[in-house]
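Residue-level listing of the chains:
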Amino acid sequence: MNQPPTLPVFGPIPRGTPPDEAAARLAEIARAIRRRDVLVIAGAGQGHIGGDFSAIDILATLYFAVLNLDPADPADPERDRFVLSKGHCSAALYTTLAAFGLLEAAALDTYMRPGSKLNGHPDRNKVTGVEANTGTLGHGLPVAAGFALAAKLDASPRRTFVLTGDGELEEGSNWEAMMTAAHHGLENLTVIADVNGLQQGATTVATTALAPLADKANAFGLEVVEVSGHDHRALLETFNAPPTGKPRFVLAHTVKGYPISFMSGNVAWHHKVPGPAQVAQILEELS
Amino acid sequence: MNAELFDCRVAFAETLIELAETDERVVVVVNDSVGSSNLAEFQRRFPERTINVGIAEQTMVGVGAGLALSGRIPFVSAAASFLTGRATEQIKVDAAYANTNVKLCGQSPGMGYGALGATHHSIEDISWLRALPGLTIIVPADPAETSAAVRWMAAHEGPVYLRVSRLPVPNIFDQTYRFSPGRGRVVRDGPAATVVANGVCLTRALEAANLLAEQGVEIRVVSMPSVQPLDEDLVLACAAATGRLVTVEEGQVSGGLGAAVASLLAVKRPTPMRILGVPGVFAPTGSEPWLLDHFGMDPAGIAAAVRELL
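Section: the overall build of chain B
When helices and strands are counted, chain B shows twelve helices and 14 strands. Its C-alpha atoms give chain B a radius of gyration of 19 Å, near enough to 19 Å, the size a compact globule of 310 residues would have. The buried share of chain B, taken over its 310 residues, is 63%. Approximately 10,900 Å² of chain B is accessible, and the part contributed by carbon and sulfur atoms is 52%. Of the charged side chains in chain B, 24 are positive and 32 negative; the average position of the first set lies 4 Å away from that of the second.

What to know about the domain arrangement of chain B
Interfaces are often sized by the accessible area lost when the parts come together. Residues and elements named next belong to chain B. Partitioning chain B into domains gives domain 1 (8-170) and domain 2 (185-309). Placing the centre of domain 1 and that of domain 2 at their C-alpha centroids yields a distance of 25 Å. In this assembly, 28 residues from domain 1 lie in contact with 32 residues from domain 2. Together domain 1 and domain 2 conceal approximately 2,300 Å² of surface at their shared face, both sides included; 59% is due to carbon and sulfur atoms.

With respect to the interface of chain A and chain B
Listed per partner, the contact involves 24 residues of chain A and 25 residues of chain B. Interface of chain A and chain B: buried area, both sides summed, is about 2,000 Å²; carbon and sulfur atoms make up 54% of it. Counting across the chain A and chain B interface gives one salt bridge. Put simply, Arg72(B) and Asp154(A) hold a salt bridge, and the shortest N to O gap is 2.6 Å. Elements with a minimum of two residues in the side of chain A that touches chain B: α4 (140-153) and α5 (172-183) of chain A. For the side of chain A that touches chain B, the element with the highest residue contribution is α4(A), accounting for eight residues. Taken together, the residues of the side of chain A that touches chain B sort by class into eight nonpolar, nine polar and seven charged.

Details of the sheet that holds strand β2 (residues 26-30) of chain B
All names here are of chain B. Judged by pairing direction, the sheet is mixed, and its seven strands sit side by side in the order β3-β2-β4-β5-β7-β6-β12 without closing on themselves. In this open sheet, the two strands that pair with only one neighbour each are β3 (50-52) and β12 (226-228). Across this sheet, the average inter-strand angle for adjacent strands is 25°, counted without regard to direction. Bridging between β2 and β3 involves three bridges; their strand directions are parallel.

Examining the side chain of Arg163(B)
All names here are of chain B. Looking at where Arg163 falls in the secondary structure, it is placed in strand β7 (residues 160-164). At 2.8 Å, the side chain of Arg163 and the side chain of Asp125 are in polar contact. Beyond its immediate stretch of four places on either side in the chain, Arg163 contacts Gly106, Pro109, Gly110, Ser122, Ile123, Asp125, Ile126, Ile138, Val139, Pro140, Glu250 and Gly251.

Some points on the environment of Asn68(A)
Residues and elements named next belong to chain A. You can see Asn68 is positioned in the loop between α2 (49-65) and β1 (81-84). Taking the C-alpha atoms as reference points, Asn68 and Arg158, separated by 90 residues in sequence, lie 7.8 Å from one another. Those residues within four positions of Asn68 in sequence are excluded, and the remaining contacts are Arg15, Glu78, Arg79, Asp80 and Arg159.

Describing the packing of aromatic side chains
As enumerated under the stated definition, the model contains eleven aromatic pairs over all chains in all. Residue placement shows Arg34(A) over the ring face of Phe53(A); its charged tip is 5.6 Å from the ring centre.

A closer look at helix α8 (residues 232-239) of chain A
All names here are of chain A. The element α8 is extensively covered by neighbouring structure, given that six of its eight residues are classed as buried. All of the buried residues along α8 are His232, Ala234, Leu235, Leu236, Thr238 and Phe239. You can read the cap of α8 off the contacts: a side-chain oxygen lies 3.2 Å from the backbone nitrogen of Arg233, and it is on Asp231.

As for the nonpolar core
Looking at soluble globular proteins, one finds that nonpolar side chains tend to be buried together. One finds Leu16(B), Leu39(B), Phe75(B), Met111(B), Ile219(B) and Val248(B) to be the most contacted residues of the largest nonpolar core, which totals 66 residues. Looking at which domains feed residues into this core, each of domain 1 (8-170) and domain 2 (185-309) of chain B gives three or more. Beyond its immediate stretch of four places on either side in the chain, Met111(B) contacts His121(B), Ile123(B), Glu250(B), Val278(B), Ala283(B), Glu288(B), Leu291(B), Leu292(B), Phe295(B) and Met297(B). Counting 61 residues, the second-largest nonpolar core is a separate cluster that includes Phe10(A), Ile192(A), Val227(A) and Ala234(A).

Basis of the calculations
- Residues numbered from 1 in each chain as written.
- Chains lettered and ligands numbered in written order.
- Predicted model: local features only at pLDDT ≥ 70, side-chain atom pairs only at ≥ 80, totals over all residues.
- Heavy atoms only, no water.
- Helix = DSSP H or I, 4+ residues; strand = E, 2+ residues; numbered from the N terminus.
- Rg over C-alpha atoms; globule rule 2.2 N^0.38 Å.
- Buried < 20%, exposed > 50% of the residue type's maximum accessible area, 1.4 Å probe, protein only.
- Areas by Shrake-Rupley, 256 points an atom, 1.4 Å probe, with all protein chains shown as cover.
- Lys, Arg positive; Asp, Glu negative; His and termini not counted.
- Charge placed at Lys NZ, Arg CZ, Asp CG, Glu CD.
- Domains from an automatic or database assignment.
- Contact = heavy atoms within 4.5 Å.
- Buried area = accessible area lost by both parts, 1.4 Å probe.
- Salt bridge = Lys/Arg side-chain N within 4 Å of Asp/Glu carboxyl O.
- Nonpolar A, V, L, I, M, F, W, Y, C, P; charged D, E, K, R; others polar.
- Pairing = 2+ DSSP bridges.
- Axes fitted to C-alpha atoms, helices over the stretch in contact; angles between N-to-C directions.
- Polar contact = N/O pair within 3.5 Å; in protein donor to acceptor, adjacent residues only side chain to side chain.
- Phe/Tyr/Trp six-rings, centres within 6.5 Å; stacked < 30°, edge-to-face > 60°.
- Lys NZ or Arg CZ within 6 Å of the ring centre and 35° of its normal.
- Core = buried A, V, L, I, M, F, W, Y, C linked by side-chain atoms within 4.5 Å.

Okay, here's the thing in structure tokens:
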């Protein structure tokens, strides 16, 4: 087993960095986040590592290369907003916030322990950088629509990004909010669906089929973009693309548990906790 | 008491317009409920600040939270039954748990929709929402209390639920009335018993006091618009002063104003009580006044409940 990873604080990648260079740095940051995330979950003995690993490339891209967010001034009213609607992937968010410099790294070791501010689902009143309380599915998108409406009312350039799971899109509140966002022309809103094809107990196909998801979002009035959710350069270009008059729906194709050999696409890893040998293997595969 | 009757919804809408004129942060969020919230004039004056999300209550409350977290003061207004029933979890998570500055305004609460029936009645809202920490719950009795509550809500930082009554009521308070959370008010005094009421039931409690006075029984009547937090000091003082207490509310008795008062007294000062409200049933078909009478919240019924304790 290689050395237990410490998590450096990475600064935002400067705007104007050549895309290939930015993507290479994002890959490095995402690998560091995954290496720390597995220890957070193994230490707590609970968490949702499969969904964390499917979302971490998206989180890293947003925080380090997309969001107009200064870790030294996280309360700036003109900051871009990010809402993690799939709140069960809180360890991925907390680890990303620590890598970004918004959360002290030592706090990660308290994840889900009694009295910790790092609850299993994020609480904005306890953790700087958390913009909304989520965990019950289908809450993030309506709140994000409120953020986007407020920016429009303020004639502000600030943008809002919300990350949902794909199984989460079975909640009707998402579709209410997409209708509202499209009706109000919220081009400053980007909905990212982490489409890993798996929910808690089975595939989305076996549970309640979502296909054709792109057609549905398009029919609801959103601009749909399909992208690999693990391709940092493609994510970067998609998230930073100029607005088109419609809210954007990014259908991010991901693999639950990515890129770990024994977790990838395996539904058992929704909230299974890796044991010591598996932690060692995960760290080895991420080295 | 002036016999002329007034609509609290008018006071609500006029006060919101007055606030919006001087405070750019004030917006309304509705679920196609401009009409049922009496906000047509607000919309005419402030079209940009009238956000209609469509018939989508979960989104309505979530959007309200997002607006609040962006520095706006959103008054989220819809029929009380749909606002508190369809979006209960958004009220719990996005307003109360997240502690956002959302002002939830339940229109035509209680049995305000009369013969439209149980789907439209909001007799559960207070019971549901009292379980939420940090949520202030206000049930005003007349236009002045409604206006004062709206002004306080705009100035207060934090989530609030307000009932905006539909049944016309006489003016009980004048325009100098100021709302304070956790504060009730003695509206009429007497030693025999205390009647604690709010919403449209306060008028009926005062009429009951008149009936009892004609029979030589003088009672205290307390207006209790602040259900959460409750005015515990005033309730305990009334229990000490009069030794008997009746509560009257337009809602289910399980978990409402009466339950809040009873929980307090049971622990701190056990006192003979009667709790008037809807006794654990869905209401039959009828107008709002007829239903209030039907459930014993007419002046004679309230007076009879007091007499049972004497």
